[in-house]
There are 2 protein chains.
Amino acid sequence: MSLAEETIITPKWVMTLESEELLVGHSVIIGKDVILAILPNEQALKTYPNAKHIFLPQQMLMPGFVNCHGHAAMNLFKGLADDLPLMTWLEEHIWPAEGQWVNEQFVADGTKLAISEMLLSGTTCFSDMYFFPEVVAEVSASMNMRAICYGPILNFPTPYGSGPDEYFDKILAAHDKFKHQPLIDIGFGPHAPYTVSDEPLKKVRMLSDQLKMPIQIHLHETEFEVSDALEKTGKRPSQRLDDLNFWGPDVQAVHVTQLNQQDIDIFKKAGTHVIHCPESNLKLASGFCPTHELQTAQINVALGTDGAASNNDLDMLSEMHSAALIAKAVSKDASALPALEAVKMATINGAIALGKEDQIGSIKVGKQADLISIDFSDISCAPMYDPISQLVYSASRHQVDHVWVAGHLQVKNKTLCHVDTAQLMEMAQEWADKISSKT
Amino acid sequence: MSLAEETIITPKWVMTLESEELLVGHSVIIGKDVILAILPNEQALKTYPNAKHIFLPQQMLMPGFVNCHGHAAMNLFKGLADDLPLMTWLEEHIWPAEGQWVNEQFVADGTKLAISEMLLSGTTCFSDMYFFPEVVAEVSASMNMRAICYGPILNFPTPYGSGPDEYFDKILAAHDKFKHQPLIDIGFGPHAPYTVSDEPLKKVRMLSDQLKMPIQIHLHETEFEVSDALEKTGKRPSQRLDDLNFWGPDVQAVHVTQLNQQDIDIFKKAGTHVIHCPESNLKLASGFCPTHELQTAQINVALGTDGAASNNDLDMLSEMHSAALIAKAVSKDASALPALEAVKMATINGAIALGKEDQIGSIKVGKQADLISIDFSDISCAPMYDPISQLVYSASRHQVDHVWVAGHLQVKNKTLCHVDTAQLMEMAQEWADKISSKT
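Counting restarts for each chain: residues are numbered from 1 in the order of the written sequence. Lettering of chains starts at A and numbering of ligands starts at 1, both following the order in which they are written. Given that this is a predicted model, residues contribute local features only at a pLDDT of at least 70 and side-chain atom pairs are listed and counted only at 80 or more, while totals for whole chains, interfaces and linings are drawn from all residues. Note: side-chain values were computed over all heavy atoms of the structure, leaving out hydrogens and water.

Asks: Hey, could you run me through the relation of the copies chain B and chain A in this one?
Replies: Copy one and copy two of the chain differ by a rotation about an axis and a translation along that axis. When the copies are superposed, the least-squares fit draws on C-alpha atoms of residues that have pLDDT of at least 70 in both. By a simple turn and slide, chain B fits onto chain A: the slide is 0.0 Å along the axis, the RMSD is 0.0 Å, and the turn is 180°. As the rotation angle and translation indicate, the two copies are arranged about a two-fold axis. The position closest to the rotation axis in chain B is occupied by the C-alpha of B:His398, lying 3.3 Å away. Whether two residues are in contact is decided by their heavy atoms: any pair within 4.5 Å suffices. Same-surface contact between copies: 100% of interface residues of chain B are shared with the interface of chain A.

Asks: Honestly, the pattern of salt bridges in this entry has me stumped. Any pointers?
Replies: Between side chains of opposite charge, pairing is possible as soon as their charged atoms come close. We count a salt bridge whenever a side-chain nitrogen from Lys or Arg sits within 4 Å of a carboxyl oxygen from Asp or Glu. With the rule as written, the count across this model stands at 42 salt bridges over all chains. Among the salt bridges present, the one from B:Lys177 reaches B:Glu138, with a minimum N-O distance of 3.2 Å. A residue pair is termed long-range when its members are at least 10 positions apart, and B:Lys177 in helix 5 (residues 164–177) and B:Glu138 in helix 4 (residues 133–142) qualify at 39 residues. Across the pair B:Lys414 and B:Asp375 runs a salt bridge whose closest N-O atoms are separated by 3.1 Å. Of this pair, B:Lys414 sits in the loop between strand 16 (408–412) and strand 17 (415–416) while B:Asp375 sits in strand 14 (residues 371–375), and the two are 39 residues apart along the sequence. The class for B:Lys414 is partly exposed, based on a relative accessible area of 38%. Categorising residues by exposure relies on relative accessible area from a 1.4 Å probe, with only protein chains included: less than 20% of the type maximum marks a residue as buried, more than 50% marks it as exposed, and the intermediate range marks it as partly exposed. You can call B:Asp375 buried: its relative accessible area is 10%. Each of A:Glu20, A:Glu341 and A:Lys344 takes part in salt bridges that share partners, so that together they form one network. Only DSSP runs of H or I covering at least 4 residues are called helices, and only runs of E covering at least 2 are called strands; the numbering of each starts at the N terminus.

Asks: What's the story with the domain arrangement of chain A in this structure? I'm lost.
Replies: Where interface size is quoted, it is often the accessible area lost as the parts come together. All names here are of chain A. Per the domain assignment, the segments of chain A are domain 1 (3–63 + 369–406) and domain 2 (65–353). Here the C-alpha centre of domain 2 lies 30 Å away from the C-alpha centre of domain 1. Of the roughly 1900 Å² buried where domain 1 meets domain 2, counting both sides, 70% is carbon and sulfur surface. Summed over the shared surface of domain 1 and domain 2, the result is four salt bridges. Residue ranges assigned to the domains are those given by an automatic or database domain assignment. Throughout, buried area stands for the accessible area (probe radius 1.4 Å) lost by two parts on being put together, summed over both.

Asks: Is there a simple way to think about the packing of aromatic side chains in this case?
Replies: In this description, a pair of aromatic rings is defined by centroid distance and the angle of the planes. Stacked, tilted and edge-to-face are the three classes assigned to paired rings of Phe, Tyr and Trp, where Trp is represented by its six-membered ring and a pair needs centres within 6.5 Å; plane angles under 30 degrees give stacked, over 60 edge-to-face, the rest tilted. Taken as a whole and judged by the stated rule, the model has 19 aromatic pairs over all chains. Arranged with centres 5.8 Å apart and planes meeting at 55°, the rings of A:Phe168 and A:Phe188 form a pair that is tilted. Of the two residues, A:Phe168 is situated in helix 5 (residues 164–177) and A:Phe188 in strand 9 (residues 184–190); the sequence distance between them amounts to 20 residues. Each of the two residues, A:Phe168 as well as A:Phe188, counts as buried. Consider the rings of B:Phe77 and B:Phe106, whose centres lie 5.0 Å apart with planes at 40°: the pair is tilted. In this pair, B:Phe77 is assigned in the loop between strand 6 (65–67) and helix 2 (86–101) and B:Phe106 in helix 3 (residues 104–120), connecting sequence segments 29 residues apart. Each member of the pair, B:Phe77 together with B:Phe106, is buried. Three or more aromatic residues joined by ring pairs form one cluster here, namely A:Phe77, A:Phe106 and A:Trp431. Of note, A:Lys283 hangs over the ring of B:Tyr393, and the distance from its end group to the ring centre comes to 4.6 Å. We call a charge positioned over a ring when the NZ of a Lys or the CZ of an Arg lies within 6 Å of the ring centre and within 35 degrees of the ring normal.

Asks: Any chance you could explain the interface of chain B and chain A here in plain terms?
Replies: Between chain B and chain A, the residue contacts involve 67 residues of the former and 67 residues of the latter. Across the interface of chain B and chain A, roughly 5000 Å² is buried in total on both sides, 61% from carbon and sulfur atoms. Contact with chain A buries surface across chain B, with B:Asp83, B:Ile379 and B:Tyr385 losing the most and accounting together for 17% of the total. With a closest N to O distance of 3.3 Å, B:Glu223 and A:Lys332 form a salt bridge. Under this definition, polar contacts are N or O atom pairs within 3.5 Å; protein pairs additionally need one hydrogen-donor-capable and one acceptor-capable atom, and for neighbouring residues in sequence, both atoms have to be side-chain atoms. Taken together, chain B and chain A are joined by 34 residue pairs in polar contact (both at pLDDT 80 or more). For the side of chain B that touches chain A, the secondary structure elements donating two or more residues are helix 3, helix 10 (278–283), helix 12 (316–331), helix 15 (387–393) and helix 16 (421–438) of chain B.

Asks: Please explain helix 7 (residues 223–233) of chain B as it appears in this structure.
Replies: Side chains that are three or four residues apart share a direction in an α-helix, a result of its 3.6 residues per turn. Residue and element names in this part refer to chain B. Residues of helix 7 that are buried: Glu225, Val226, Asp228 and Ala229. Axial view of helix 7: buried residues confined to an arc of 165°, hence all on one face. Facing away from the buried surface of helix 7 by more than 90 degrees, the exposed residues are Phe224 and Glu231. Looking at the packing, one finds that the buried side of helix 7 touches strand 10 (215–219) and helix 8 (237–243). What the arc describes is the spread of directions from the helix axis to the C-beta atoms.

Asks: Please explain the side chain of A:Thr305 as it appears in this structure.
Replies: All names here are of chain A. Following the sequence through the fold, threonine 305 ends up in the loop between strand 13 (301–303) and helix 12 (316–331). Residue classification places threonine 305 among the buried positions, given a relative accessible area of 0%. Contact partners of threonine 305, with chain neighbours within four places excluded, come to Asn67, His69, Ser280, Asn311, Asp313, Leu314, Asp315, Met316 and Glu319.

Asks: Any chance you could explain the pairing of strand 16 (residues 408–412) of chain A here in plain terms?
Replies: Residues and elements named next belong to chain A. Should DSSP find at least two bridges between two strands, the strands are taken to pair. In this sheet, strand 16 lies alongside strand 15 (residues 400–405) in antiparallel orientation, the contact comprising three bridges. Within strand 16, the residue paired with valine 403 across the bridge is valine 411. Bridge count for strand 16 against strand 17 (residues 415–416) is two bridges, and the pairing is antiparallel. What sits directly across from valine 411, in strand 17, is leucine 416. Hairpin connection of strand 16 to strand 17: two residues between the antiparallel strands, including asparagine 413 at a positive phi of 45°.

Asks: Quick question: what am I supposed to make of a negative patch on the surface here?
Replies: All names here are of chain A. A cluster of acidic side chains, namely Asp420, Glu426, Glu430 and Asp433, defines a negative patch on the protein surface. Structurally, glutamate 426 can be placed in helix 16 (residues 421–438). You can call glutamate 426 exposed: its relative accessible area is 52%. What goes into a patch is any residue over 30% in relative accessible area without a salt bridge, connected to like charges within 9 Å or, for nonpolar side chains (Val, Leu, Ile, Met, Phe, Trp, Tyr), within 5 Å. Accessible areas in this description were obtained via Shrake-Rupley with a 1.4 Å probe; residue shielding takes into account the shown protein chains only. When charges are counted, Lys and Arg are positive and Asp and Glu negative, with His and the chain ends excluded. A charge is said to be at NZ when it belongs to Lys, at CZ for Arg, at CG for Asp and at CD for Glu.

Asks: Help me understand the packing of helix 3 (residues 104–120) of chain A against helix 16 of chain A in this model?
Replies: Two numbers describe a pair of packed helices, the interaxial angle and the distance between the axes. Residue and element names in this part refer to chain A. Taken N-terminus to C-terminus, the directions of helix 3 and helix 16 make an angle of 130°; their axes are 10 Å apart at the nearest point. Put simply, helix 3 runs oblique to helix 16. As for the relative orientation of helix 3 and helix 16, their crossing is left-handed in sense. The residues of helix 16 that touch helix 3, namely those facing Gln105, Phe106, Asp109, Lys112, Leu113 and Ser116, are Leu424, Met427, Ala428, Trp431 and Ile435. In this classification, the charged set is Asp, Glu, Lys and Arg, the nonpolar set is Ala, Val, Leu, Ile, Met, Phe, Trp, Tyr, Cys and Pro, and all remaining amino acids, among them Gly, are polar. Grouping the constituent residues of the contact of helix 3 with helix 16 by class yields seven nonpolar, two polar and two charged. The convention used is that axes are lines fitted to C-alpha atoms, helices contributing only their stretch in contact, and that angles between N-to-C directions extend from 0 to 180 degrees. In what follows, roughly perpendicular refers to angles from 65 to 115 degrees, roughly parallel to angles under 35, roughly antiparallel to angles over 145, and oblique to any angle outside these ranges. Crossings are sorted by hand: turned counterclockwise from the far helix by less than a right angle, the near helix makes the crossing left-handed, and turned clockwise it makes it right-handed.

What follows is the structure in structure tokens.
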């Protein structure tokens, strides 16, 4: 047993999420990529006398955030076009910019920027739906970041390919390429009901069943999406996909600002998960996801930031805060989505949605050491009555001070350990200068 | 002219809010408490060769935030009771805790904590409605913080006094005591239509007219407040107060989640201002203030955090972010409340609401030097297409790095210049320990 193999982390509080109680006077011991033990401090020192020891006397140790929906590379478009009506934003800014600029280098650079921002704000696993998922996977693996990369399926050509056939080929090749990389999963990302026809959706279901690949789809993002589908097909999108046997526990439906009892019944029967992106839904005026109704129906709800072009940050603490606040006003009940529930949405519920709850989402012996610490020595968190309340209602991303992914220390004292941030920001600015001068 | 009297501040961008354009290559020169000049960098150096010089090469200099509504001392109750229905929260937690704990020392300590938190997050002027306004004023003056302190008027006894007569006496005495203190104003804070009867409201109007004292009142915070008033008096609260000739351009109506055309007509005719507290309205499930309708009717809307017990921070950047996002979803228009409008709500509109637009709220020669700088060398703000978008949609309070109030440097490199933060947090924790053991 070498010195470097084990680390004892001794914070002020441990939030395991395996119970509702915070542990005080306890240490978490990690070895290689996993959580070895959770022990009272003295016992930890006795049991692991040669371990490296990290003291976090003002901090809470908790599971890293699981960001269940985004388009990482769009970080390079962050702030390019804001405060515009949805269709103007898409048709006159985002789609033309994507058409002009998105290639493998763009995706590699944008993803690297996004992963750095996510790590600094406490995200240890992200789920991404974007062109060139094999590049997202490559960059994530090289940065030791956990990622689920959904390759896009659409009816029409994009910078990624000519149409469904080419998309399927490339996604399956990526799946094959990364099958032995433990931090990476490749899945299918049929973009949305209105951009993918029945045949590719049925093929997604078939291949997913055969290869155990997860699926993510934008669904019921706006009122228009549903009314338009009703007019054209006589069915709500949820119903049309149900008729195709598309839904299952391996699918995440993203956004869902439109929900009725039929939708609830469909999701519930299929075990499908809902990914709530509160800030994106607000910013694009898409509407409000009725999380309270979903949770009452025992449908798993997890959180995502969406891409930076519609948010404009990748900050899960802020997303958790927004989710907790909005749920109260939307349900007209100040006790809706209490702080602990919001934390679960940002961690263990995300792990469940992505089918990874045996590996991540809580602090449990044998699970992966995806951990973060939150520094509570911030004036906005004083005085301290309840660390969970302070985390959700008072803390900011700049209080995330240590981050481990699979036992690998990524952020130490609020600084990235393996990324030259200044260089990264320069690279991002070069893209922005190019894009704004020629778009 | 001594060396210390003038300071040249040279940031990357200056957002004056006197025009829509950001200035680049410009410096702001401050002398004693005022803004002396705004000049191109070279000219600034030539004109003021002996001035102190502060370079902020990654920063934007802008007017400090004006937090138009809060209860500063309630900072000591932050996180004491969250996620509870409104009446349980008030009747079983907040009111009993106030009855048991609020005294002059509590208000002094809580206000000191709140001012420190506000300064660190870029607020340079706050408007406060709480017991012992003379203590709030004293603490603010001693910390060189700009404050408008509204003394509470209610029908019933509180720790501050036995009823309206005593409240009026004490508020008038405070007004007299601070009449020569340039950073402090004392005003009347009739709590809400449902807690103050007609006679004290008429007296507020009369005294305010005579003494030019501002007025702040909670109004239409919840649906129940309006329906209950309609049932009991046959009038909406806005109408009842209009019949008393209560409204005027010296009044700020706080919350206003319930709004109809009649309310709009009343506010508009009177020149009354609306203070929007988006996060408090969400957290207490009070509802949504229709800022879009108010602004369309050209009613001045400014922002407030409300007290920390219902927020739970005093972070105007976050409030601005929430206001901009919610306005879009509520009005179903992604172009509603664009970033620059949100910044104005947090600065110049606040100055207008408080009747202080000749002194603060924008960067203009002759106005008070209430300035803050925002550090954009944060990965969440990269790349940079538009500093105003990044400020509203991406930045966090931890990027506020310099703060001046009336020319007095309060925060330097993200650290308070004149407050021992650790000692302050210890003091706050002593209160919390006492309160949680005995409440």
